Amino acid sequence: MTDNDQLVDDIVTRYDGDVGMLIPMMQDVQAECGYLPPEQLRRLARRLRVPLTRLYGVATFYSSFRLAPKGQHEVTLCMGTVCHLKGSAAIMAAIREEFQVEPGGTTADRLFSLQGVNCVGACALAPVMIVDGKYYDGVNRDSALKLLRELPAEEAAETEVAS
Amino acid sequence: MTIAVKHLADPREMEAYRAVVKARRGAVAHTVRVCIGTGCAAKGSRRLFELFQEAAAESGADVEITNKCVGCHGFCERGPIVVIEPGDIFYQRVEEPDVAEIFRETVLGGRVVERLLYTDSATGAAATTEEDIPFYQAQQRIVLAANGLIDPRSIDDYLAIGGYSALSKALTAMQPEQIIAEVEKAGLRGRGGGGFPAARKWRSCRQAHGSPKYVICNGDEGDPGAFMDRSVMEGNPHSVLEGMIIGAYAIGSNQGYIYVRNEYPLAVEHLKVAIGQARELGLLGENILGSGFSFDIKITRGGGAFVCGESTALMASLEGRAGEPRAKYVHTVEHGLNDLPTNLNNVETWANVPAIVNRGGDWFAGIGTEKSKGTKVFSLVGNVVNTGLVEVPMGITLRRIVEEIGGGVQGGKAFKAVQTGGPSGGCIPAEHLDTRVDFDELTHLGSMMGSGGMIVMDENTCMVNVAKYFLGFLKDESCGKCTPCREGIAQMLYILDRITHGDGENGDLDRLEVLAGLLDGTALCALGKTSANPVLSTIRYFRREYEEHIREKRCPAKVCKGLFLYEIDAEACKGCGICKRNCPVSAISGERRQAHEIDQAVCTKCGTCLEKCPFSAILKV
């Protein structure tokens, strides 16, 4: 048995092999691996005796799952109503243009993964951008781009996960 | 600070334990309460807490000082918030350098630091406590009563303010049917959006055949601009648990689930801690307080899908499947999770239950309007002076919420509309501001109560753009199972997109209304059925604005790119040349120190000049 198998088996045991807990199990796999690698998904499907297509369906239905490794930094831009009223769409457009990255994707140099989310519930701070778990309030196009341009590139991805 | 924990075998032991906890609390001379709700935490309040801890450790004062992290006070606009006991002195916008002064002056010296108090901009009066602040004066807090008072990670704090006394009363002095009757008398309606009478749902589930039965707490708060449930889960998680345990006892269920939105990690953490503590004391698990009733709760984190706020989709998600809703003629109270009887209520609904059991259905029914009882929590956001979380009695007018509590529109601009009910709701214009907040009144206006998002929009908001925003949101979040929703929303969005780009055609409004009717009549779940509300309500109240977009190719709010022009105000322009250098298409010309000009034939209306001009000399016309 490989380490990967062990990881999945431990997670399955954690939830008593209950298929109803499939989503939490996949969340745990993603928390360990940073994304959902194919080998782990195969192992999980075998252990739960469900078709791999079902896991794939779940992984692609919910926006928090990703099937590719993430970048060194995690950037989340709030696209909620209040942030929208205060200009988040223009900020998103500027980020897409400058870094050639789509929401849900990662920059070519793997510097950061970009996500647009529907409201982080911090409307008093709008527009909000979250970088590696830290909230930046009242951002605008220039301050957001500046923040991203200054992201440090060399550190290992593991140390960047916000606590 | 926790006292030796023991398993509480019966209500008498719980009261004895509570007395010990309260005695301990009474011995503390000073308490510093630092808000760690998301808004305050984002502004660095956790660091403030650490600084208070350091200050207390260093001072060596011979009095007992407790620093605690508390949940959201609601006045997010003024965060970080720090409250000092005794006196409940309310400090706002506290920064790191202020900690030493607060500690020295207020905690040790008992003096108020005037400059950190809230000052009413109209009267100039400083407010020392929460009660003195207009933002709180029109509010009535039941669900949020203990938010900001207690440490959400301490069950002792919750017990000290009388927590779990409703549970003890329910288990020892009430039969399940009596509890349901009390909730019925209270007139409690679901706070998640539908407004369905809670007692009727509970009774149907109790009477349904099948075992086991489940109770679910819906914490998948997905409406953008809404964070009521999060603040309750983060700030007072035990109130949600207590409500659920009482409900489970009334319904006859032994297993509960709380489904929390993925974006709310702090809520998950606090609920997990709360569940652990409740189990340890014997308030969850086998034979609760010696009553013979057993109940336990599991937490599931959502995967990030708006549709999972819909009850049947949420249950599909809990079964480990994609969150797709199903037709509602099969009732979830009979065939819900795993095809078994299931009762689902939202966070705020559950959190109202302990107060109803403790104080009686009549008391609760005494608040509010004829058909909408109790209070409702709203997240008041957008272009409003006081952004935050407010709890008001049902029946209060929208005007009082926006003007009295919210302090009116930001920057002295004119009010245009208030949007309620999230993406399924609608925009209510100024002429209806005196409408009373009530499930049915808001529905009559073409909006809805929803879960409690309330977004204030000023004169610079384009209502067509707002409708397009919500439809864009719903198009992304439509699960794709039924055709009307999947295709209908996309078509409506296509039409709105054309209108906001100046390509609107005569007949577009009719087409939108036909599609809206189709969705309402044929979509599978509420997400699809109500998806046209943002469009219909804006057409109803702002038809002229649509028509200007379509016929005159003009956006009166000057939001839709291409439907207005940029011009340079020759008097304000200093000829600095910044706009000229930054214009991506070289549409700006002018000599240094002379007023510049924009060549409208070349201008792409990108707005860069407006953003870059240091003298506000660029005008939208």
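What counts as what
Position numbers for residues count from 1 along each chain, tracking the sequence in the order it is written. Each chain takes a letter, starting from A, and each ligand takes a number, starting from 1, following the order in which they are written. Thresholds applied to this predicted model are a pLDDT of at least 70 for local features of residues and 80 or more for the giving and counting of side-chain atom pairs; totals over whole chains, interfaces and linings are not thresholded and use all residues. Secondary structure elements follow DSSP: runs of H or I of four or more residues count as helices, runs of E of two or more count as strands, with numbering from the N terminus. Only the C-alpha atoms count toward the radius of gyration. The rule for a globule is 2.2 Å times the residue count to the power 0.38. Every C-beta atom is placed from the backbone, and the number of other C-beta atoms within 10 Å of a residue's own sets its class: buried at 20 or more, exposed at 12 or fewer, partly exposed in between. Residue pairs qualify as contacts under a 7 Å threshold applied to their C-beta atoms, which are placed from the backbone. Any two strands between which DSSP finds at least two bridges are classified as paired. Helix span, as expected, comes to 1.5 Å for every residue beyond the first. This arc describes the spread of directions from the helix axis toward the C-beta atoms. Domain ranges listed in this record stem from an automatic or a database domain assignment. When residue character is reported, Ala, Val, Leu, Ile, Met, Phe, Trp, Tyr, Cys and Pro are called nonpolar, Asp, Glu, Lys and Arg charged, and the others, Gly included, polar. To get an axis, fit a line to the C-alpha atoms, keeping to the stretch in contact for a helix; angles then go from 0 to 180 degrees between the N-to-C directions. Residue-level confidence of the predictor is what pLDDT reports, using numbers from 0 through 100. Should an angle lie under 35 degrees it is considered roughly parallel, over 145 roughly antiparallel, and from 65 to 115 roughly perpendicular; all remaining angles are considered oblique. With the far helix as reference, a near helix turned anticlockwise by less than a right angle produces a left-handed crossing, and one turned clockwise produces a right-handed crossing.

On to the overall build of chain B. The number of helices and strands found in chain B is 24 helices and 19 strands. Computed over C-alpha atoms, the radius of gyration of chain B comes to 27 Å, within 12% of the 25 Å expected from 2.2 N^0.38 for 621 residues, which places it in the range of a compact globule. Across the 621 residues in chain B, those meeting the buried criterion constitute 55%. Contacts in chain B between residues far apart in sequence, at least 24 positions, make up 71% of those at least 6 positions apart.

Moving on: the overall build of chain A. Each helix and strand in chain A was counted, giving seven helices and four strands. When the helices and strands of chain A are placed in sequence order, the string is α-α-α-α-β-α-α-β-β-β-α. With the C-alpha coordinates of chain A rotated into their principal frame, the extents come out at 50 × 35 × 25 Å. Across chain A, every contact between residues at least 6 apart in sequence was considered, and the portion connecting residues at least 24 apart equals 65%.

Bringing the pairing of strand β2 (residues 112–117) of chain A into the picture now. Residue and element names in this part refer to chain A. In terms of burial, β2 is largely enclosed, as six of its six residues are buried. Judged from the six bridges that link them, strand β1 (residues 73–78) and β2 form a sheet pairing that is parallel. Bridge pairing in β2 places H73 opposite F112.

All names here are of chain B. Compared with an ideal rise of 1.5 Å per residue, which puts 16 residues at 22 Å, helix α1 (residues 11–26) spans 22 Å between its outermost C-alpha atoms and is within 8% of the ideal. Every buried residue of α1 is accounted for by M14, R18 and V21. Around the axis of α1, the buried residues are gathered within 65° of arc, so they sit on the same side. Exposed and oriented more than 90 degrees from the buried face of α1 are A16, A19, A23 and G26. Of the surrounding secondary structure, the elements contacted by the buried residues of α1 are α6 (155–160) and α7 (165–173).

Our next topic: the domain arrangement of chain A. By the assigned domains, chain A splits into domain 1 (3–61) and domain 2 (73–160). Computed from C-alpha atoms alone, the centre-to-centre distance between domain 1 of chain A and domain 2 of chain A is 29 Å.

Another aspect to go through is the domain arrangement of chain B. Here chain B is partitioned into domain 1 (11–137), domain 2 (162–365), domain 3 (375–458), domain 4 (463–551) and domain 5 (566–620). Here domain 4 of chain B and domain 5 of chain B have C-alpha centroids that lie 36 Å from each other.

Counting residues at the interface gives 38 residues for chain B and 31 residues for chain A. Elements supplying a minimum of two residues to the side of chain B that touches chain A: α2 (38–42), β9 (296–301), α13 (311–318), β11 (375–382), β15 (453–458) and α18 (463–477) of chain B. Within the side of chain B that touches chain A, the residues separate by chemical class into 13 nonpolar, 18 polar and seven charged.

Let us look at the sheet that holds strand β4 (residues 134–136) of chain A. Residue and element names in this part refer to chain A. The strand order across the open sheet built from four strands is β2-β1-β3-β4, with neighbouring strands paired in mixed fashion. What marks the edges here is a single partner per strand, and that holds for β2 and β4. Adjacent strand axes in the sheet meet at a mean angle of 20°, parallel and antiparallel pairs treated alike. Sheet topology note: the strand β3 (residues 129–131)/β4 ladder contains three bridges and is antiparallel. Paired with I130 across the two strands is Y135, which belongs to β4. Across the sheet, helix α6 (residues 88–99) touches β1 and β2, and the angle it forms with β1 is around 145°.

Residues and elements named next belong to chain B. Taken in spatial order, the four strands make up an open sheet running β2-β1-β3-β4, and their pairing is mixed. Each of the sheet's edge strands pairs with one partner strand only, and the pair in question is β2 (65–70) and β4 (89–91). Neighbouring strand axes in the sheet, compared pairwise and without regard to direction, differ in orientation by 20° on average. Sheet topology note: the strand β1 (residues 30–35)/β2 ladder contains six bridges and is parallel. Following the sheet pairing, C35 is matched in β2 by V70.

In this section: unusual backbone geometry. Cis rather than trans, the peptide bond between G79(B) and P80(B) has omega equal to -10°. Structurally, P80(B) can be placed in the loop between β2 and β3 (82–85). Here E85(B) and P86(B) are connected by a cis peptide whose omega angle stands at 0°. Phi at R49(A) is positive, roughly 55°, even though this residue is not glycine.

Once that is clear, we can look at the confidence of the model for chain B. On average, residues of chain B score 93 in pLDDT, and 99% of them reach the 70 mark or higher. Both scores are given for the predicted complex: the pTM is 0.91, the ipTM 0.83.

The next thing to look at is the environment of P237(B). All names here are of chain B. Mapped onto the fold, P237 is located in helix α11 (residues 237–251). Separated by 110 residues in the primary sequence, P237 and V347 have C-alpha atoms spaced 9.5 Å apart. Contact partners of P237, with chain neighbours within four places excluded, come to P152, H270, L271 and A274.

Let us look at the confidence of the model for chain A. Per-residue confidence for chain A gives a mean pLDDT of 88; residues scoring 70 or more make up 93%. Below pLDDT 50 for its whole length, residues 156–163 of chain A participates in nine contacts with residues either more than four positions away or in separate chains.

We now examine the packing of helix α2 (residues 22–33) of chain A against helix α3 (residues 38–48) of chain A. All names here are of chain A. Packing of α2 against α3 leaves a shortest axis separation of 11 Å and a crossing angle of 150°. The orientation of α2 with respect to α3, classified from their angle, is roughly antiparallel. Here the hand of the crossing between α2 and α3 comes out right-handed. Judged by residue contacts, L22, M25, V29 and C33 of α2 engage Q40, L44 and L48 from α3. A breakdown of the residues in the contact of α2 with α3 according to their chemical character gives six nonpolar, one polar and no charged.

Residue and element names in this part refer to chain B. In the sheet, strand β13 (residues 415–420) pairs with strand β14 (residues 426–429) via four bridges, with the strands oriented antiparallel. Residue pairing in the sheet places Q419 in a bridge with C427 of β14. Where β13 folds back on β14, the antiparallel hairpin that results is connected by five residues, among which G421 adopts a positive phi of roughly 85°.

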